[in-house]
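# Descriptive structure summary
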Amino acid sequence: GMMFDTLAENMAGVANLFTGQKTITESSVEGALNEVKRALLDADLNLMVTNTLVDAVKSKAVGMKLVDGVTAKQQFVNVMNDELVEIMGAEQAPLARRTDGKPTVILLAGLQGTGKTTAAAKLAKYLQQEEEPKKVLLVAGDVYRPAAIDQLISLGKRIDVEVFSMGQGVDPVEITKAGLERAVEGEFDTVIVDTAGRQVVDDTLMTELKDIQVASEADEVLLVVDAMTGQEAATLASVFNEKIGITGAVLTKMDGDTRGGAALSVQGVSQKPIKFVGIGEKMSEEEAAKLAKKMINAEF
Ligand code: GDP
């Protein structure tokens, strides 16, 4: 089923515990919160984040003044919703933009196969379609995976976005610098750099990523993580943040059969928001809006 279906069903069950009640009391909330905790852990949410969330819901819900015409059940659901949106960090996380006339630089980093190259093109398309359309240059900095550059070039063609590439034999720091020169010359306002995938967190490649970040004065360093890896995605975001300092995460493959643990844990564990989600091509915009305010929903 759809991601969060089970969680939503469980939450509905919890809310029903308040049916007919006039107020939310410490004792009436206790059983419900135990159920909430079980539902969240079932969804593969990190334990620490679960406890924080349950405590927050408890302190907000207990003794809450009931609004006329709103049932205790509805009020509890509202508190839960607010806290879930909050821990996903979706609402308060716009992309940084430069204001000094130079192009905004967005680096995409992450392990191999997480969907970095796909996300780079989706993000480019998203920015092109914004109310104030951006002129985006894609920079092919993944010089290690043989097909990555061709893949980016072909995606670029499909969405009509220029791709800057120097092939595989060049240092990615040099590629990034040259890409930025091209961006200034071509009056692009946004540069998205696709970097080399890592099999594991590896010091050499981490140093390279840091060098690209420094050389490009990146405004955003987004770690691309795979929702299917659950809590592992949140742990990875923490590790990358400690090593290179990320500004947020892109959560991909949300259309897959995930329990939602990654979506719910990334911000709570790493303190970095999910800035975009990749949901393949299947999910409708409306459905996606339930998950996050900002998203990559581009179809190629
Ligand atoms: P990279 O190695 O990190 O650059 O990963 P790619 O962008 O090449 O993606 C790896 C695979 O995951 C490809 O087969 C993509 O089509 C697929 N993929 C990427 N994003 C998504 C997504 O949001 N949903 C699904 N279902 N597949 C995705």
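Since we're looking at a predicted model, the values are computed, not measured.

Each value, and the rule that gives it
- Residues numbered from 1 in each chain as written.
- Predicted model: local features only at pLDDT ≥ 70, side-chain atom pairs only at ≥ 80, totals over all residues.
- Heavy atoms only, no water.
- Helix = DSSP H or I, 4+ residues; strand = E, 2+ residues; numbered from the N terminus.
- Rg over C-alpha atoms; globule rule 2.2 N^0.38 Å.
- Buried < 20%, exposed > 50% of the residue type's maximum accessible area, 1.4 Å probe, protein only.
- Core = buried A, V, L, I, M, F, W, Y, C linked by side-chain atoms within 4.5 Å.
- Contact = heavy atoms within 4.5 Å.
- Salt bridge = Lys/Arg side-chain N within 4 Å of Asp/Glu carboxyl O.
- Near = heavy atom within 4 Å.
- Polar contact = N/O pair within 3.5 Å; in protein donor to acceptor, adjacent residues only side chain to side chain.
- Areas by Shrake-Rupley, 256 points an atom, 1.4 Å probe, with all protein chains shown as cover.
- Nonpolar A, V, L, I, M, F, W, Y, C, P; charged D, E, K, R; others polar.
- UniProt positions renumbered as here; feature names shortened; annotations may be inferred.
- Axes fitted to C-alpha atoms, helices over the stretch in contact; angles between N-to-C directions.
- Parallel < 35°, antiparallel > 145°, perpendicular 65-115°, else oblique.
- Left-handed = near helix turned anticlockwise from the far one by under 90°.

## Let's talk about the overall build of the protein
Assigned secondary structure in the protein consists of 11 helices and seven strands. In terms of C-alpha radius of gyration, the protein reaches 21 Å, essentially the compact-globule figure of 19 Å for 300 residues. In terms of principal-axis extent, the alpha carbons of the protein reach across some 65 × 40 × 35 Å. Evaluated residue by residue, the protein yields a buried proportion of 51% over its 300 residues.

## Quick notes on the nonpolar core
Ranked by internal contacts, the top residues of the largest apolar core, which has 65 residues, are Val-36, Leu-40, Phe-76, Met-80, Phe-240, Leu-251 and Leu-264. If one sorts the elements of this core by residue count, helix H4 (residues 72-88) sits on top with seven residues. Look past the residues within four positions of Leu-251 in its chain and what remains in contact with it is Val-225, Asp-226, Ala-227, Ala-262, Ala-263, Ile-274, Phe-276, Val-277 and Gly-278.

## Thoughts on unusual backbone geometry
A positive phi angle, near 60°, is found at Lys-253, a position not held by glycine. Relative to the assigned elements, Lys-253 resides in the loop between strand E6 (248-252) and helix H10 (261-270). Not every positive phi belongs to a glycine, and Gln-271 is a case in point at roughly 65°. We classify Gln-271 as exposed; its relative accessible area is 59%.

## Focus on the environment of Gly-169
Within the secondary structure, Gly-169 sits in the loop between strand E3 (162-164) and helix H7 (172-185). Taking the C-alpha atoms as reference points, Gly-169 and Tyr-144, separated by 25 residues in sequence, lie 9.3 Å from one another.

## Concerning the pattern of salt bridges
Throughout the structure, instances matching the rule amount to 17 salt bridges. Arg-98 is the partner of Asp-219 in a salt bridge, and the nearest nitrogen-oxygen pair spans 3.7 Å. A residue pair is termed long-range when its members are at least 10 positions apart, and Asp-219 in the loop between helix H8 (203-216) and strand E5 (220-226) and Arg-98 in the loop between H4 and strand E1 (104-109) qualify at 121 residues. Judged on exposure class, the residue Asp-219 and its partner Arg-98 are both buried. One salt-bridge network, held together by shared partners, links Arg-98, Asp-100, Lys-102, Glu-217 and Asp-219.

## As for the site of the ligand
As a matter of local geometry, the ligand sits amid 16 residues, with Gly-113, Lys-116, Thr-117, Thr-118 and Asp-255 nearest to it. Taking Thr-118, its side chain carries an N or O atom lying 2.6 Å from an oxygen atom of the ligand. Coverage of the ligand by the protein chains reaches 71% of its 580 Å² of free accessible surface. A total of four residues in the shell around the ligand trace back to one element, the largest contributor, which is helix H5 (residues 116-128). Residue composition of the shell around the ligand, grouped by class: two nonpolar, nine polar and five charged.

## With respect to the UniProt feature "domain: AAA+ ATPase" (unreviewed entry) in the protein
The residues that UniProt annotates with the feature "domain: AAA+ ATPase" (unreviewed entry) are residues 102-251. Strand forms 21% of residues 102-251 and helix 45%; the C-alpha atoms that close the span are 28 Å apart.

## With respect to the packing of helix H3 (residues 47-61) against H4
Across the interface, H3 lies against H4 with an axial gap of 10 Å and an inter-helix angle of 140°. With respect to H4, the element H3 is oriented oblique. Considering only the axes of H3 and H4, their crossing is right-handed. Contacts between H3 and H4 involve Val-49, Leu-53, Ala-56, Val-57, Lys-60 and Ala-61 from the first element and Phe-76, Val-79, Met-80, Glu-83, Leu-84 and Ile-87 from the second. Of the residues in the contact of H3 with H4, the class split is 10 nonpolar, no polar and two charged.

## Let's talk about the side chain of Glu-220
Mapped onto the secondary structure, Glu-220 falls in strand E5. By relative accessible area, which is 1% here, Glu-220 ends up buried.

## Some words on the packing of H7 against H8
Put simply, H7 and H8 touch, their axes get as near as 9 Å, and they point 20° apart. Taken as axis vectors, H7 and H8 run roughly parallel relative to one another. Here the hand of the crossing between H7 and H8 comes out right-handed. Facing Pro-172, Val-173, Thr-176, Lys-177 and Leu-180 of H7, the residues of H8 in contact are Glu-208, Asp-211, Ile-212, Ala-215 and Ser-216. Taken together, the residues that form the contact of H7 with H8 break down as five nonpolar, two polar and three charged.

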